[in-house]
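This is what each chain is made of:
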Amino acid sequence: MASFHCSLYITLNAFIVPPFTYDRKEFCHKIKFLHICENIMQKLLLCFTKNSVEVIALEPDSVWFKDPYPMFRRMSSRPEVDLASPMNAVTARIGEWRAYSPMLLKPSEASVALLRKLLEKLRKHGDSDLIVYNYLCMARYSGVVCENFLYEDVSDGKWFGLEGSEKSVLRPYILNNNYLNGKKKKEHRQKKFGLWFLSEQGQCNHQAVKRKLDSFSRAAEDEHAHV
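The numbering scheme is per chain: residues are counted from 1 as the chain's sequence reads. Whole-chain, interface and lining totals are the exception, using all residues; otherwise, since this is a predicted model, local features are given only for residues with pLDDT of at least 70 and side-chain atom pairs are given and counted only at 80 or more. Only heavy atoms go into the side-chain values, all of them from the structure, while hydrogens and water stay out.

- Looking at an unreviewed UniProt entry, the chain carries the name Nucleotide-diphospho-sugar transferase domain-containing protein, with the source organism given as Ancylostoma ceylanicum.

In C-alpha cells form, the structure reads like this:
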C-alpha cells in the first residue's frame, strides 16, 4: 500500500464496558477487557502511523469550548516534535505526569518505535499504557520528542476546583472531565458547572450548547478588551 499524508481523529475508549458487580472474579474480567481495548487502540495508532497518517487521538469525556484545530496545527508544524499531549496538573501516581488525551501523533521513525515498544510492554507484562507511555517519553526512547500542550489550551479536572478569578484566566480549547471515577459522578460534576447538554431521553440540547459557547466567547472578548 502506498503511504499517504493526512490527519485523522480517533476517539479513544469508545468501547461499551458491560456492567460488573465488584466481586474479585468479575473485577478481574473487567480489567482484562480494558487491557484488550488498550491493545486494540495501540495497534490502530501504530497501523496509521506506519502508513504516514498523522493522528489526533481523543477521549470522549471532555468539553470543547472552541475549535482546537489551530492548537493542533501549531504543534504539528514543529518539525522536531514526534508527539504531543497535555500534562496532568495533579497526579497521585508516579509515571502519570503526561495525560493521554488529546494526543497528536506524527508519523516518524521515533513515534513508530515508541508504539511498538508500548505494545510489547502491554503484551508481555500487562502494564498500564499510560505509565509506559510516560516512561518512554521521559527516556526519549529511540530519540522520540514528546511535547506538551499548554494548560491554558487543554485543562483537566483541576479546573473545576479553581476559583472564579483563576478560571477566568484559563480559556482552554478542551476541558477534560478527569480526576473523578464513575459515570454518575462525572455527569453530576458536568451538570453542576453547566456543562451537561444531554436530556434524559438522550437528546442533545443544542440551545444550551449555543448559550454556553456564546457566554464563553463573550467572556474571552471582554477579557481581551481589558488587556
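**Digging into helix H6 (residues 183–192)**
Thinking step 1. Along H6, the residues classified as buried are Lys-186, Glu-187, Arg-189 and Gln-190. The buried residues of H6 occupy an angular sector of 165° when the element is viewed end-on, so they sit on one face. Exposed and facing more than 90 degrees away from the buried side of H6 are Lys-184, Lys-185, His-188 and Lys-192.
Thinking step 2. Secondary structure counts use DSSP, requiring at least four H or I residues in a row for a helix and at least two E residues in a row for a strand, with both numbered from the N terminus. Where H6 ends, the next residue or the one after it, Gly-194, has phi of about 70°, a positive value. Residue exposure (1.4 Å probe, protein chains only): buried if accessible area is under 20% of the type maximum, exposed if over 50%, otherwise partly exposed. Taking the helix axis as origin, the arc is that swept by the directions to the C-beta atoms.

**Section: the sheet that holds strand S3 (residues 62–64)**
Thinking step 1. The pairing criterion is simple: DSSP has to find at least two bridges between the two strands. Pairing in this open sheet of three strands is mixed, and the strands run S3-S8-S7 from one edge to the other. Among the strands making up the open sheet, the edge pair consists of S3 and strand S7 (154–155).
Thinking step 2. Bridging between S3 and strand S8 (residues 174–176) involves three bridges; their strand directions are antiparallel. Bridge pairing in S8 places Trp-64 opposite Ile-174.

**Section: the pattern of salt bridges**
Thinking step 1. We define a salt bridge as a contact between a side-chain nitrogen of Lys or Arg and a carboxyl oxygen of Asp or Glu at a distance within 4 Å. A complete count under the given rule lists seven salt bridges for this structure.
Thinking step 2. Of the charged contacts, one joins Lys-117 and Glu-120 as a salt bridge, the two residues approaching to 3.4 Å between their closest N and O atoms. Of the two residues, Lys-117 and Glu-120 both sit in helix H3 (residues 109–125), three residues apart, roughly one turn of that helix.
Thinking step 3. Given the relative accessible area of 21%, Lys-117 is considered partly exposed.
Thinking step 4. Where Lys-210 meets Asp-214, a salt bridge forms, and the shortest distance between an N and an O atom there is 2.9 Å. Here Lys-210 pairs with Asp-214, and both are found in helix H7 (residues 206–225), just four residues apart, close to one helical turn.
Thinking step 5. Through salt bridges with shared partners, a single network forms among Arg-78, Glu-80 and Glu-147.

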